[in-house]
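# Descriptive analysis of the structure
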Amino acid sequence: MESVVFIFSLIDCCALIFLSVYFIITLSDLECDYINARSCCSKLNKWVIPELIGHTIVTVLMLISLHWFIFLLNLPVATWNIYRYIMVPSGNMGVFDPTEIHNRGQLKSHMEGAMIKLGFHLLCFFMYLYSMILALIND
């Protein structure tokens, strides 16, 4: 059972890594003016909820399977994603809003957040991979 948990977590983590890379590429395209703010934000907002669900599922799965260290490692990032989604001001298009993305350095902070999440997911990928191999050997 433990190996199934880590196999699912590894697959989910791969999807989150690809999503983080997509966010970085799309924000980079906006920064270089290859796409306009509206199309960039609509592309990114489409993937905010799947990212939120994917990360929350892994966090809850680690809680249920009693992997406390991994749960506590994932909890702040999952909480931050939920907080970011809940605190979207009314009238905004979503987490990424085209009218505000160029104001007050939001583009830079979104890019930094995507880079931090990419690093976090890469760390989790290798941690899940190690745990999966360990669980398969022990079974």
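You'll find the structure just up there.
Reference entry: report on the structure contained in this document.

Calculation criteria
Residues numbered from 1 in each chain as written. Predicted model: local features only at pLDDT ≥ 70, side-chain atom pairs only at ≥ 80, totals over all residues. Heavy atoms only, no water. Axes fitted to C-alpha atoms, helices over the stretch in contact; angles between N-to-C directions. Helix = DSSP H or I, 4+ residues; strand = E, 2+ residues; numbered from the N terminus. Parallel < 35°, antiparallel > 145°, perpendicular 65-115°, else oblique. Left-handed = near helix turned anticlockwise from the far one by under 90°. Nonpolar A, V, L, I, M, F, W, Y, C, P; charged D, E, K, R; others polar. Buried < 20%, exposed > 50% of the residue type's maximum accessible area, 1.4 Å probe, protein only. Contact = heavy atoms within 4.5 Å. Salt bridge = Lys/Arg side-chain N within 4 Å of Asp/Glu carboxyl O. Phe/Tyr/Trp six-rings, centres within 6.5 Å; stacked < 30°, edge-to-face > 60°. Lys NZ or Arg CZ within 6 Å of the ring centre and 35° of its normal. Core = buried A, V, L, I, M, F, W, Y, C linked by side-chain atoms within 4.5 Å.

## Focus on the packing of helix H1 (residues 2-31) against helix H5 (residues 106-138)
In the contact formed by H1 and H5, the axes pass within 8 Å of each other and the chain directions differ by 160°. As summarised for this structure, H1 and H5 are arranged roughly antiparallel, according to the angle between their axes. The chirality of how H1 crosses H5 is left-handed. Here the residues of the contact of H1 with H5 sort into 25 nonpolar, seven polar and three charged.

## Section: the environment of Phe71
Secondary-structure assignment places Phe71 in helix H4 (residues 68-86). Owing to a relative accessible area of 13%, Phe71 belongs among the buried residues under this scheme. Leaving out residues up to four positions away in the same chain, Phe71 has contacts with Thr59, Met62 and Leu63.

## Some thoughts on the pattern of salt bridges
Pairing is possible between side chains of opposite charge, provided their charged atoms come close. In the structure shown here, the tally under the stated rule is two salt bridges. Taking the shortest distance from any N to any O, the salt bridge between Glu51 and Arg84 comes out at 3.9 Å. Taken as a pair, Glu51 in helix H3 (residues 48-64) and Arg84 in helix H4 lie far apart in primary sequence, 33 residues in all. Classification of Arg84 by relative accessible area gives buried; the value is 18%. A salt bridge links Lys117 to Glu51, with the nearest nitrogen and oxygen atoms 2.7 Å apart. You can see Lys117 sitting in helix H5 and its partner Glu51 sitting in helix H3, a full 66 residues away along the chain. Across the pair, Glu51 and Lys117 agree in class, each one buried. Salt bridges sharing common partners tie together Glu51, Arg84 and Lys117.

## Remarks on the packing of aromatic side chains
For the structure on display, the rule yields three aromatic pairs. Ring centres 6.3 Å apart and planes at 85° place the aromatic pair Trp68 and Phe71 in the edge-to-face group. Linking Trp68 with Phe71, this pair stays in helix H4, spanning three residues, or about one helical turn. The exposure class of Trp68 is partly exposed, given its relative accessible area of 46%. Plain terms: the ring middles of Phe125 and Phe126 are 5.2 Å apart, the flat faces sit at 80° to each other, and that makes the pair edge-to-face. By relative accessible area, Phe126 is classed as exposed at 54%. Note that Arg84 overlies the ring of Trp80, its terminal NZ or CZ placed 5.0 Å from the centroid.

## So, the nonpolar core
Among the nonpolar cores identified, the biggest contains 34 residues, and Phe6, Leu27, Met62, Phe96, Ile101 and Tyr128 are the most heavily contacted of them. For this core, the secondary-structure elements that each account for two or more residues are H1, helix H2 (37-45), H3, H4 and H5. Top contributing element to this core by residue count: H5, with 11 residues.

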